[in-house]
Every structure is written in structure tokens, then in C-alpha cells.
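Reading the structure
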Amino acid sequence: MVGRPYDCLANPLGAVRFSFEKAVSSGSDPASFDRNDWGVADLFREFLFDNDGLNQVPMLTPSTVKRVQPNSLVRFRGMIQDMLGNEFYVGAYKNNDTWNTNKFTDVSQYPMGTSSHTRIWERRLLYCVPVPGQNSWADATSDGVVNTYATSASREKRQRDNCSVSDEVEMQDSNNAIPDSPSAKKMRDGESLPQENMTDCGMIMVPDFDRNNFPCLVKIYDTPESDLKLNDVLEFIGVLTFDTDVKNGEHELENCFDQEELVNLPPSKVPRLHCLVHRKLSPNDMILRSPTIEPEPHLMKEIRESLLRHLTVVLGDDDLAANFILLHLLSKVHVRVDSIAVGKLSLNLTCFDKSSISVFGNRINDAVKNLLPFSQCIPLTVEFLNTASFAPVKDYQTNRLVPGALQCAEGSHFTIDETQLQSGTLNSNGIENTRLLKDLMEFQKLEYDFKYYKMQMDTDVQILILSEGKSNILPADIVIPFHPSSVGSTGMVDEQTLNAWRWYLGAARSLPHTIGEDMQKVVEDDMVAARQADRSLGTEDFNRWLTMGRLMGVSFGETCLSHEHWQMVKEMERLRKERLK
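Keep in mind that what you see is a predicted model, and the values were worked out from it rather than measured.

1. Some remarks on the overall build of the chain
Each helix and strand in the chain was counted, giving 14 helices and 17 strands. Counting every position in the chain, which comprises 581 residues, the buried fraction comes to 52%. If you sum the accessible surface of the chain, you get close to 26,200 Å²; carbon and sulfur atoms cover 49% of it.

2. Quick look at the nonpolar core
Generally speaking, nonpolar side chains in soluble globular proteins are found buried as a group. In this structure, Leu 349, Tyr 504 and Leu 505 are the most contacted members of the largest nonpolar core, which totals 71 residues. For this core, the leading source of residues is helix H7 (residues 319-330), giving nine residues. Core analysis: the second largest hydrophobic core is formed by 43 residues, Leu 60, Phe 236, Leu 380 and Leu 440 among them.

3. Some thoughts on the environment of Ile 357
The topology assignment puts Ile 357 in helix H8 (residues 354-371). When the C-alpha positions of Ile 357 and Gln 420 are compared, they lie 9.8 Å apart, and in sequence the two are 63 residues distant.

4. A closer look at a nonpolar patch on the surface
Together, Tyr 396, Tyr 452, Tyr 453 and Met 455 make up a nonpolar patch on the protein surface, roughly 480 Å² of accessible area in all. Residue class for Tyr 453 comes out partly exposed when judged on its relative accessible area of 42%.

5. Details of the sheet that holds strand S17 (residues 478-481)
Taken in spatial order, the five strands make up an open sheet running S10-S13-S16-S9-S17, and their pairing is parallel. Because the sheet does not close on itself, it has two edges, and the strands there are strand S10 (375-379) and S17. Mean inter-strand twist for the sheet, computed between neighbouring axes without regard to direction, equals 15°. Of the pairings in the sheet, the one linking S10 to strand S13 (residues 413-417) comprises five bridges and is parallel in character. Across the sheet, Ile 378 pairs through a bridge with Ile 416, a residue of S13. Sheet strands touched by H8: strand S9 (347-350), S10, S13 and strand S16 (462-466). Its angle to S16, the strand with the most contacts, is close to 170°.

6. Quick notes on helix H2 (residues 40-50)
If you check which residues of H2 are buried, you get Val 40, Ala 41, Leu 43, Phe 44, Phe 47 and Leu 48. When H2 is viewed along its axis, its buried side chains cluster within an angular range of 165° and face the same direction. Facing away from the buried surface of H2 by more than 90 degrees, the exposed residues are Asp 42 and Asp 50. On its buried face, H2 sits against helix H1 (12-25), strand S1 (73-95), strand S5 (233-241) and strand S6 (272-280). Asp 52 lies just past H2 and shows a positive phi near 60°.

7. Overview of helix H12 (residues 517-533)
Between the first and last C-alpha of H12 there are 25 Å, a value that for 17 residues agrees with the 24 Å anticipated at 1.5 Å per step. In the core, the buried residues of H12 are packed alongside helix H13 (539-555) and helix H14 (563-580).

8. A short note on the pairing of strand S15 (residues 454-458)
Bridging between strand S14 (residues 445-449) and S15 involves five bridges; their strand directions are antiparallel. Paired with Leu 446 across the strands is Met 457, a residue of S15. As consecutive antiparallel partners, S14 and S15 are separated by four residues, and within that stretch Lys 451 has a phi angle of approximately 65°, a positive value.

9. Observations concerning the packing of H12 against H13
The contact between H12 and H13 brings their axes to 12 Å, and the two run at 145°. Where H12 crosses over H13, the handedness of that crossing is right-handed. Across from Val 523, Met 527, Ala 530 and Arg 531 in H12, the residues of H13 making contact are Phe 542, Trp 545 and Leu 546. Taken together, the residues of the contact of H12 with H13 sort by class into six nonpolar, no polar and one charged.

10. Things to note about the pairing of strand S4 (residues 216-220)
Counting buried positions over the five residues of S4 gives five, a clear majority of the element. On S4, burial covers both faces: Cys 216, Val 218 and Ile 220 on one face and Leu 217 and Lys 219 on the other are all buried. As paired strands, strand S3 (residues 118-129) and S4 are joined by five bridges and run antiparallel to one another. In the strand pairing of S4, Tyr 127 is matched with Leu 217. Relative to S6, S4 runs parallel, the two being bridged by three bridges.

Parameters and conventions
- Residues numbered from 1 in each chain as written.
- Predicted model: local features only at pLDDT ≥ 70, side-chain atom pairs only at ≥ 80, totals over all residues.
- Heavy atoms only, no water.
- Helix = DSSP H or I, 4+ residues; strand = E, 2+ residues; numbered from the N terminus.
- Buried < 20%, exposed > 50% of the residue type's maximum accessible area, 1.4 Å probe, protein only.
- Areas by Shrake-Rupley, 256 points an atom, 1.4 Å probe, with all protein chains shown as cover.
- Core = buried A, V, L, I, M, F, W, Y, C linked by side-chain atoms within 4.5 Å.
- Patch = residues over 30% accessible without salt bridge, like charges linked within 9 Å, V, L, I, M, F, W, Y side chains within 5 Å.
- Salt bridge = Lys/Arg side-chain N within 4 Å of Asp/Glu carboxyl O.
- Pairing = 2+ DSSP bridges.
- Axes fitted to C-alpha atoms, helices over the stretch in contact; angles between N-to-C directions.
- Contact = heavy atoms within 4.5 Å.
- Arc of directions from axis to C-beta.
- Expected span 1.5 Å × (residues − 1).
- Left-handed = near helix turned anticlockwise from the far one by under 90°.
- Nonpolar A, V, L, I, M, F, W, Y, C, P; charged D, E, K, R; others polar.

Written out as C-alpha cells, the structure is:
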């Protein structure tokens, strides 16, 4: 069997140009390729997903970026923190009588001159960062999943030609050593490349990066704008370009016209990834060894019991608080009706003091970190409120969106520790931050400051407040006094059990849920009776009961509310109100 005339992994640009030449030779007009795919996406999807090539693609991380070959195939997982607009570039041009393409690269393969046979195309620029609050277990880059192809899979090919690969179809020799790139110019002039930036195989060595501060400029092609939005978490697979030798603004993007956005993103600091394939990631995609099973009710019930026992131990044998925590961890916004985010369930655990918060606060934080992919703890103090930036702010000097403490991915969890809040005076920034926090919890919206105007964007986050008394700053959906009775050891939980709990939470959150006609009548009658007994009950209380009913049902893997689960909700509410007396 004859193999491919190109190497998708070591030389993706060879595959791109091979498919381009094939499309042109078949009679296609290069002018028709703007914002259109000539078969590249299908070619790489086949390699990645049908032929199991994805596992061979190295993950771009602060450590692997030092070893991965430029212009090779990599993947990067991150959150879209900013959208930098569109960039025009010379997508196709004629070199003599041959059409060539600059798609998926920053520089031209051949000199373009001033020929009229050029086609100006457009691509989008996304500034992506590691997901804020991403926990280590959910980080594929910290679990040995990072395939270091540059030092293993390609070693055999590089040995065949002293660090080069097959040149059957213009492989690394012609494609990656771009004639007009700084490195190529120095080589032509007989000038050696800086040794401090090179390995023995010509691999670029780059500055050290922090795992939590490793941005990537992703260039998107042929994708409708509606497919990607701010704060989405995605995996991008594409061509890496990273050149520490390029001076900012000197040679980079010589075939592009829009460079203003890149002034503060030099290629020596921020890797570029020309995206060939991307896929949106859900919280369940963060589970590296997620069990491939269906959420059958009997299985969900079994895992539920196991997780609830664990939460009860974490909370000092406070069974009622553990049940509320479980529903809280399952909550998500599943629909919006006017300004109401239906499905959210914020929780305020009260009766903490300095001694109990040091024990159970840490336990709760550790439990949440082990169960959810994205979580952050915010110790609320007057100083923090007065000085922190909670909302993202547009900086028109750099044309960048400066992130705020509350900009996060969908499904993130915030634990707000109010026990450190002392008396003091809030300045204007502190008052604004308090309002932002309250709106985030109540409406599941975060306000973005664009200086000349402000824009609210939908969020879907879980918020847990730990406080001495009922929070006056953040009125949660549910307030329950915390009553631990023991401080027993939580013990060690094996990774298999943790993964089962993580899968359970993700699977339950994704289940649909309805209330049958018979149960609708039961629920309505119960609400009427409750209203007659307590005139203080209002719409918010009834909405909370319905949300709890839905969460109780999905916690057992059921998609329809049962009488048994509705009774459990009513009993939880009864016990909670007794504690509040």
C-alpha cells in the first residue's frame, strides 16, 4: 500500500499545499477559496479522528514549546480570553505560472512581488489562555498526555536526513525554511543562527513560561463567527509558528496587512497557532480517563450514594449540608426567562468562625477542586474589594481586553470566603465590585467595561458562600446553617473513584428533565398549601423548589420528577427551615 505523499504530523504545511495544488490542478479557481475549505479540514479530521492521529499530536505547553518543531502539528487547550478581530493576508498568489497559498502560515513560501495575481483573504485572531481556575487533574498538559513528538515520533525521520524529513512533496527543506524568514536570510548570507536559541537539531529554544500564564494567539479560518464566543473552552489543532529570532514588527506577518493588534503580542513571547481543526470542550471532556458508559439510573444511584457519603464526611457528618452541596454542584443554567437564569442554585453555608473555616473551609475547597474542572476561591476582604478588578476592561491603548477576576469559563465554581471580611469603608471600586458579584450570582451575568459603554454577558457559574451569618453582600438562593458533629479523617480517595464522581456530576448535569402532568398537579397543590400556611412565600421560593426538584431527579439519573424525589425536596426544605429558627 502506498503511503501518503505528505506527513500531517511533522509537516502539515506540506499537506496543505499538496491539497491546494490538487484542487487547483482539478480546475478550481483560487479566488473561490476565500473563507472556503478546499479539502484541508477533511484531510486532517481523517488523520486525527479516523486514523487515531490525535494521540500523536503534542500538546502545546510551557515545557513542550521548547522542544516542538516550528511548523509542525500541535494542539492547544484554552479559553478564548479576547477576540482581536480579523486580519487580512495574501491567501493565494502566482509565482511564475504556479499558484501558491499562504494559508495557515505567517510568511510567504516564495517572494510575492507586486503581481496582480494575488488573492486577499481574511482570518480571525483569538487570544487564548489556560482556563482560569483549571484544576491539575483536569489539565491534560500535566498528566503525561503531552506527546513530545519532537523528541520521539519524528526522531527516526530526522535521523535519516540530519534533522530533516522526507522531501517527496516539498517537505521541511522548502516549506519550513521560508525563503524570506529571518533564519533563512541568515543562512543564505552565510550567517549562523544564535546558538543560545538552538538545539543540535535546529529546534528553537524559548523563554520560560508559567503554566497558568501561557497565552497563545490562535488564527481561525473558514469558521462562522457565531461558532466561537468569548470564554469558550476549546481544543485547537493546527500549525505552530514560534520564532524567538523575529523582532516585533520587523518580519512577522509579511503577507498580512493588519498588525496593530499584534504590537503587544510579539512572536518571541506568544506562540501562533494556525488552526486546522477545533472542537469545543465540555467539563466532561476534562476528565482524562472518563468511563465510556451510559448514565443508567441504577448506576447513577450507586455513584450518588458513594459521593454523598464522601461529602458528608468532608462536612463533619452534616448530612443535610451534604445533600444541599450535592444539588449545588449539579446546578447549571438550562434556560433563561427574561432576566431569570433558571437552574442556578447558589448556596450560603453559615455559622463558620475562624477555627471552623480553617478546617472545614479547606476541606470544602479541596473537595470541590477534586470534583470540578474549574474552581476558584475568593477570600473576601475590604482591601480586596477596593483594589481588585472584577470585570474585564477594554484597554484601547493596546487594543486588548484586560481580564477581570470574574472572567471565567462556563461551569466554573467560585467559593466566596466571607469570614475574613472585617468592618471598613468601601471605595467606589469596592462598591462596583460588590455589585458585580451580586449580579453574577443573581442574574448569572457579568458586565464587561468597554470604557464608552458596558455590556452584560451571560455566564453559567456556581457560587458557594462561607460566612458567619447570612451574607448581606450576596443573597444566595439557599441559606443553611452549617452544623458539623465530628472532624474525622476524610481518608484517601483513589483516582478511579474520583473519576467516577466527576463523570457522575457531568453526566447528571447534562440530563434533560421534565415534570409529568400528574406530578404537575401534585406540585401545584403542595405550593398552594404552603402559601396558605406561610404568606411570606413568593415566586422566588417556588422557583427554588422546582429547581431543587429537577436537581434531585437528575441526581438519581432520572429525567422525570417522581413523587419520591419531590418528597425528599420538601423534607430538605423543612429541615433547613428548622435550622434557621
